Amino acid sequence: MRYDRLGFPVPTEFEPDPRLDDLQPSRSTPATALETTALETRVLEPSALEPRSSRKPAGSRKRLLILGVAAAVIVPALLLPEIVPAVRQMVVGWSLEQAAEREARNDLTGAITNLGRAIRWHGDDVDLLCMRSMLRLEDRDAAGALEDASRAAALAPTAPQPLRVRALANVVLGNAAAALADAEIVVDLASPGDPEALNHRAYIRALVGRDLPEALVDIDAAIGGQREATPELLDTRGFILHLLGRTQEAIDQLNLAIDGMQQNRRQLALLAGRIDRSELSRRLRSLDHGLAVMLHHRALACEQAGLDEQSKQDFELAKKKGFDPARGIF
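Residues numbered from 1 in each chain as written. Predicted model: local features only at pLDDT ≥ 70, side-chain atom pairs only at ≥ 80, totals over all residues. Heavy atoms only, no water.

1. Focus: the overall build of the protein chain
Of the regular secondary structure elements, the protein chain holds 13 helices and 0 strands. In sequence order, the protein chain lays out its α and β elements as α-α-α-α-α-α-α-α-α-α-α-α-α. Expressed as a percentage of its 330 residues, the buried residues of the protein chain come to 37%. A fraction of 52% describes how many contacts in the protein chain between residues 6 or more apart in sequence connect residues 24 or more apart. Looking at the protein chain as shown, the accessible area adds up to about 19,700 Å², and 56% of this sits on carbon and sulfur atoms. (Helix = DSSP H or I, 4+ residues; strand = E, 2+ residues; numbered from the N terminus. Buried < 20%, exposed > 50% of the residue type's maximum accessible area, 1.4 Å probe, protein only. Contact = heavy atoms within 4.5 Å. Areas by Shrake-Rupley, 256 points an atom, 1.4 Å probe, with all protein chains shown as cover.)

What follows is the structure, encoded as structure tokens:
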């Protein structure tokens, strides 16, 4: 019996095509079932062998992809309004803490950098800009201090603090007229007889050496409005009296101012261990700068009175505690 090329028997009445003879197997026995299966497998496409249930329609894969992209976009969009304010508050708070620590260690550059970060995350803020302005002034960047104070004044035209700071920056820059103009606005914005506003205008007048009789009227009115004159008010009055040539009265006032400031410093030092160390250091540093200014003023008055030894001692101590007009400590 004859067999076809796949090993199946060919009926006798069927005459195969002679062209298929070359494709017949070389043996005369039928192929086994295993061989037949192997032959069939080789001619099938690989995808045809996959179980029908394991194949995923193309549409399903596209839907999964679209859902994944949507989740990546929508979920953050829903969460961001909740997350961003918390992150912003955290960054601002941390930056302010770092700024205070740097200032306490006299690292003005570091303090300014951290305040800058706080401002960027928080946005322009009157208090933050005034703080950075004062630090820039102390860091001998009077132009930067003036810029910050002006930005703060633009944000809050009726707020006195930006104008006070800007007046000091203008004094350092030698802009006497601008400094006096800001001091005038501060008084206009304040309530009648406000001691801080009057003291500020009196002191700016003294620093630029203008309108000294009017400056004395200002400071007398400021002190008259207080139950007990603060060291800062007494210092302003003593400095003006010195500039007016009333030397002994100036020394008397400055002695009272220095005694009061030293007492304030002793009281503050008692808080050691009760408040944050950086905050204590920062406040002590501020008091020392105020004391340095008072000592310098008394040195000038003593020099005017011919008290050379006392004058020399006060000049040296004032410099040691940080007196420096170029840094706004005057």
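Once you've had a look at it, read on.
2. With respect to the nonpolar core
Residues L137, I204, I219, I240 and F323 are the most contacted members of the largest nonpolar core, which totals 46 residues. Those elements that provide at least two residues to this core are helix 5 (142–155), helix 6 (160–173), helix 7 (176–189), helix 8 (195–208), helix 9 (212–224), helix 10 (231–243), helix 11 (247–269) and helix 12 (277–305). Top element by residues in this core is helix 12. It accounts for 10 residues. Apart from residues no more than four positions distant in its own chain, I240 is found in contact with A202, A206, L212, A215, L216 and I219. (Core = buried A, V, L, I, M, F, W, Y, C linked by side-chain atoms within 4.5 Å.)

3. Points about the packing of helix 12 against helix 13 (residues 308–320)
Where helix 12 contacts helix 13, the axes come no closer than 8 Å and their chain directions differ by 160°. The angle between helix 12 and helix 13 falls in the class roughly antiparallel. Judged by the twist between their axes, the crossing of helix 12 over helix 13 is left-handed. Contacts between helix 12 and helix 13 involve A292, L295, H296, R298, A299, L300, C302 and E303 on the former and, on the latter, Q310, S311, D314, F315, L317 and A318. Class assignment of the residues belonging to the contact of helix 12 with helix 13 gives a composition of 8 nonpolar, 3 polar and 3 charged. (Axes fitted to C-alpha atoms, helices over the stretch in contact; angles between N-to-C directions. Parallel < 35°, antiparallel > 145°, perpendicular 65-115°, else oblique. Left-handed = near helix turned anticlockwise from the far one by under 90°. Nonpolar A, V, L, I, M, F, W, Y, C, P; charged D, E, K, R; others polar.)

4. Brief notes about unusual backbone geometry
Phi angles above zero are rare outside glycine, and R140 is one such case at about 65°. Inspection of the secondary structure puts R140 in the loop between helix 4 (126–138) and helix 5. Since its relative accessible area comes to 55%, R140 is described here as exposed. Located in the positive-phi region is D211, a residue other than glycine, with phi close to 50°. Along the polypeptide, D211 turns up in the loop between helix 8 and helix 9. Note on D211: relative accessible area 38%, which makes it partly exposed.

5. Section: the pattern of salt bridges
Under the defined criterion, the tally for this structure stands at 23 salt bridges. The closest approach of N and O atoms between R164 and E196, which form a salt bridge, is 3.7 Å. Placement of R164 in helix 6 and of E196 in helix 8 is noted, with a sequence separation of 32 residues between them. On the accessibility criterion, E196 (54% relative accessible area) is exposed. Note that R282 is salt-bridged to E279, the shortest N-O span being 3.0 Å. Of this pair, R282 and E279 both sit in helix 12, 3 residues apart, roughly one helical turn. Among the charged side chains, a salt-bridge network with shared partners connects D124, R132, R136, D141, D148 and R151. (Salt bridge = Lys/Arg side-chain N within 4 Å of Asp/Glu carboxyl O.)

6. Considerations on the packing of aromatic side chains
Summed over the entire model, instances satisfying the criterion amount to 1 aromatic pair. Judged by centre distance (6.0 Å) and plane angle (55°), the rings of Y203 and F239 are tilted. Of the two residues, Y203 sits in helix 8 while F239 sits in helix 10, which places them 36 residues apart along the sequence. (Phe/Tyr/Trp six-rings, centres within 6.5 Å; stacked < 30°, edge-to-face > 60°.)

7. Some words on the layout of surface pockets
Of the pockets and cavities examined, the largest pocket occupies roughly 1,500 Å³. As for the largest pocket, its lining consists of 41 residues, and the residues nearest its centre are M134, L168, E232, S286 and G290. Counting only elements with at least two residues in the lining of the largest pocket, the list comes to helix 2 (58–104), helix 4, helix 6, helix 8, helix 10 and helix 12. Sort the elements by how many residues they give to the lining of the largest pocket and helix 12 lands first, with 10 residues. Class assignment of the residues belonging to the lining of the largest pocket gives a composition of 20 nonpolar, 10 polar and 11 charged. (1 Å grid on protein atoms, 1.4 Å probe; cavity = no way out; pocket = protein on both sides within 12 Å on 5 of 7 lines; lining within 4 Å. Points joined across faces, edges and corners; volume = space filled by probe spheres on them.)

8. Brief notes about the packing of helix 10 against helix 12
It is at 10 Å that the axes of helix 10 and helix 12 come closest, and there the two elements cross at 30°. Classified by the angle between their axes, helix 10 and helix 12 sit roughly parallel to one another. Crossing angle aside, the handedness with which helix 10 passes helix 12 is left-handed. Every residue of helix 12 that contacts helix 10 at P231, E232, D235, F239 and H242 is listed here: V293, M294, H297, L300, A301 and Q304. Within the contact of helix 10 with helix 12, the residues separate by chemical class into 6 nonpolar, 3 polar and 2 charged.

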